[in-house]
Amino acid sequence: MAGTYDEETKRRLENRRREAERRRTEQIKRRNNYLLAVCGIIVVLIFVVGIIKSCSSGDSDKKTISTTTKPPYTAETTVAPEVTTAAKVMKKTTDSVNFRKKKKIADKYIIETLPKGTEVEVVDDSDEEWCQIIYDGKTGYVSKEYLK
């Protein structure tokens with residue numbers, strides 16, 4: 001009978017150990033599933049914030065309409081100021097470069113890609129990074145580093 005008690009005790013202990021191991025395994029699975037869900041939500045939130053930020057970055061193509069009023073007609077004569085024309089500043093592209101509508105890197109502003117050696121008229125080069133140019137009758141921007 002003593003052997004039976006020991007066997008019964010061993011069997012109960014083994015069953016308790018197995019049950020504890022099973023519960024531990026289930027807890028680990030639940031925790032891992034929870035962490036996976038939280039990570040998924042974080043990734044989706046980051047994605048949504050990125051989309052919202054890119055949509056509301058102030059790069060809208062809205063045009064503002066300004067109205068000006070003309071001064072009333074006066075009978076006095078005025079002398080028109082002398083108009084001087086400055087010489088055109090021409091530069092060439094040093095590599096193929098994207099010709100853009102705005103001083104922005106986003107692909108949606110690319111008008112076309114100018115090949116290396118393309119001659120363009122520089123309208124304004126006061127910006128540190130961008131030159132406003134005229135090419136093929138169109139006005140736009142290219143990065144200064146690609147002009148010489």
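None of the values given here were measured: they were computed from a predicted structure.

Reading the values: the criteria
- Residues numbered from 1 in each chain as written.
- Predicted model: local features only at pLDDT ≥ 70, side-chain atom pairs only at ≥ 80, totals over all residues.
- Heavy atoms only, no water.
- Helix = DSSP H or I, 4+ residues; strand = E, 2+ residues; numbered from the N terminus.
- Buried < 20%, exposed > 50% of the residue type's maximum accessible area, 1.4 Å probe, protein only.
- Contact = heavy atoms within 4.5 Å.
- Patch = residues over 30% accessible without salt bridge, like charges linked within 9 Å, V, L, I, M, F, W, Y side chains within 5 Å.
- Areas by Shrake-Rupley, 256 points an atom, 1.4 Å probe, with all protein chains shown as cover.
- Salt bridge = Lys/Arg side-chain N within 4 Å of Asp/Glu carboxyl O.
- Phe/Tyr/Trp six-rings, centres within 6.5 Å; stacked < 30°, edge-to-face > 60°.
- Core = buried A, V, L, I, M, F, W, Y, C linked by side-chain atoms within 4.5 Å.
- Polar contact = N/O pair within 3.5 Å; in protein donor to acceptor, adjacent residues only side chain to side chain.

Asker: What exactly am I supposed to notice about the overall build of the protein here?
Answerer: The number of helices and strands found in the protein is one helix and six strands. Across the protein, helices and strands are ordered from the amino to the carboxyl terminus as α-β-β-β-β-β-β. A buried classification covers 13% of the 148 residues belonging to the protein. Considering only contacts in the protein between residues 6 or more positions apart, those separated by 24 or more positions represent 46%.

Asker: Would you mind showing me how to read a nonpolar patch on the surface here?
Answerer: Taken together, the side chains of Tyr-34, Leu-35, Val-38, Ile-42 and Ile-46 present a nonpolar region at the surface, about 500 Å² in accessible area. Assignment of secondary structure puts Leu-35 in helix H1 (residues 2–55).

Asker: How do you make sense of unusual backbone geometry when you look at a structure like this?
Answerer: Leaving glycine out, the prevailing phi sign among residues is negative, and the prevailing peptide bond configuration is trans. Despite not being glycine, Asp-136 shows a phi value in the positive range, around 55°. As for its position among the elements, Asp-136 is in the loop between strand E5 (130–135) and strand E6 (138–143). The exposed category is assigned to Asp-136, whose relative accessible area is 61%.

Asker: Would you mind going over the packing of aromatic side chains with me for this structure?
Answerer: What characterises a pair of aromatic rings is the spacing of the ring centres plus the angle enclosed by the ring planes. In total, this model carries one aromatic pair according to the counting rule given. Between Phe-99 and Tyr-135, the ring centres sit 6.1 Å apart and the planes meet at 85°, which makes this aromatic pair edge-to-face. Of the two residues, Phe-99 is situated in strand E2 (residues 97–100) and Tyr-135 in strand E5; the sequence distance between them amounts to 36 residues. Owing to a relative accessible area of 0%, Phe-99 belongs among the buried residues under this scheme.

Asker: Quick question: what am I supposed to make of the nonpolar core here?
Answerer: Inside soluble globular proteins, nonpolar side chains tend to come together where they are buried. Ranked by size, the top nonpolar core spans nine residues in total: Val-97, Phe-99, Leu-114, Val-120, Val-122, Cys-131, Ile-133, Val-142 and Leu-147. Only E2, strand E4 (119–124) and E5 provide two or more residues apiece to this core. Once residues lying within four places of it in the same chain are set aside, the contact partners of Cys-131 are Val-122, Asp-124, Asp-125, Gly-140, Tyr-141, Val-142, Lys-144 and Leu-147.

Asker: When you look at the pattern of salt bridges in this model, what are you seeing that I'm missing?
Answerer: Side-chain pairing between opposite charges can occur once the charged atoms of the two side chains come close. Taken as a whole and judged by the stated rule, the model has 10 salt bridges. The partner of Glu-21 in a salt bridge is Arg-24, and the shortest N-O contact between them spans 2.7 Å. A residue pair is termed a helical-turn pair when its members lie 3 or 4 positions apart in one helix, as Glu-21 and Arg-24 do in helix H1 at three residues. A relative accessible area of 44% means that Arg-24 is categorised as partly exposed. Taking the shortest distance from any N to any O, the salt bridge between Asp-127 and Lys-103 comes out at 3.5 Å. Of this pair, Asp-127 sits in the loop between E4 and E5 while Lys-103 sits in the loop between E2 and strand E3 (110–114), placing them 24 residues apart in sequence. A network of salt bridges, in which partner residues are shared, links Glu-19, Arg-22, Arg-23 and Glu-26.

Asker: What exactly am I supposed to notice about the side chain of Thr-93 here?
Answerer: Along the polypeptide, Thr-93 turns up in the loop between strand E1 (89–92) and E2. Residue Thr-93 is classed as buried on the basis of its relative accessible area of 2%. Separated by 2.7 Å, the side chain of Thr-93 and the backbone oxygen of Pro-115 make a polar contact. If near-sequence neighbours (up to four positions away) are discounted, Thr-93 is found in contact with Leu-114, Pro-115, Lys-116, Gly-117, Thr-118, Tyr-146 and Leu-147.

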